[in-house]
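Residues per chain are reported as follows:
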Amino acid sequence: MKKITLLTAFVTIVVTFVGSATVLAADPVGSEPQSPEAIASVYVVDLVATAAFGAAMNDAGDVTGTSYPDPGCGSSCLPPLETVVWKGGQRIVLPGVPGLSGTTTTDINNLGWISGFGGLLGFGHAAAWKPNGSTYTPIDMGLLPGTHDSIAIGIDDNNRAVGYASTSSGVKTPFVW
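Quick caveat, the model's predicted, so the values are computed rather than measured. (Residues numbered from 1 in each chain as written. Predicted model: local features only at pLDDT ≥ 70, side-chain atom pairs only at ≥ 80, totals over all residues. Heavy atoms only, no water.)

Asks: Would you explain the overall build of the protein chain in this entry?
Replies: Looking only at helices and strands, the protein chain features 2 helices and 11 strands. Sequence-ordered secondary structure for the protein chain, helices as α and strands as β, is α-α-β-β-β-β-β-β-β-β-β-β-β. Taking all 177 residues of the protein chain together, 37% fall into the buried category. Across the protein chain, every contact between residues at least 6 apart in sequence was considered, and the portion connecting residues at least 24 apart equals 37%. (Helix = DSSP H or I, 4+ residues; strand = E, 2+ residues; numbered from the N terminus. Buried < 20%, exposed > 50% of the residue type's maximum accessible area, 1.4 Å probe, protein only. Contact = heavy atoms within 4.5 Å.)

Asks: So what exactly am I meant to see when it comes to the pairing of strand β10 (residues 161-166) here?
Replies: Look at any regular strand and the pattern is simple: side chains alternate between the two faces of the sheet. Pairing geometry for strand β9 (residues 149-155) and β10, over 6 bridges, is antiparallel. Bridge pairing links Ile155 to Ala161 in β10. Two successive antiparallel strands, β9 and β10, enclose a turn made up of 5 residues, where Asn159 displays a positive phi of approximately 65°. Counting the residues that bridge the hairpin from β10 to strand β11 (residues 172-176) gives 5 residues, and of these Gly170 lies at a positive phi of roughly 95°. (Pairing = 2+ DSSP bridges.)

Asks: How should I be thinking about the sheet that holds strand β7 (residues 125-132) in this particular structure?
Replies: Within a sheet, neighbouring strands are paired by backbone hydrogen bonds and run either parallel or antiparallel to one another. Spatial strand order, β5-β6-β7-β8: 4 strands in an open sheet with antiparallel pairing. Only two strands of the sheet have a single partner each, and these edge strands are β5 (103-108) and β8 (135-142). In this sheet, adjacent strand axes meet at a mean angle of 30° when their direction is disregarded. Judged from the 5 bridges that link them, strand β6 (residues 114-118) and β7 form a sheet pairing that is antiparallel. Looking at β7, one finds that Gly118 is bridged to His125. (Axes fitted to C-alpha atoms, helices over the stretch in contact; angles between N-to-C directions.)

So far we have only geometry, and geometry alone does not tell us how the molecule works.
Okay, here's the thing in structure tokens:
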């Protein structure tokens, strides 16, 4: 998953400075790049928006991150940043975690479940988003006793989230949910 995250970060930089791009992968031996048709089952990132930031990508090529919707008037009138997942060529805005303002994603598994947190960094709750048809349902993981903040860093293909919770003195306690 680390290679995917680094690839996503690279694609984000390329898209930010150059525009939409198609990522070509080298074969596992590291020789010549394969044709787009040969790698279609490996990575398909025909990004997605002109002002987008990827956080993670699963094996199906679904990407989670943030983007600005395009109102058609250029960079002088960008609307608020939205937390999204690009799945099957569709941009889906993730719903917020009830009672918390702000949403950040950190990972997406091969079943489409997304991890992250709702609220502001340092004051949020670990969260997951469960795929539900063409949308997602947020799940608030809450806080551990004696903590004021929690973040889900990753999620595996069994939908187990891993992360940490923090106390006001900065002590971090890991968890699996």
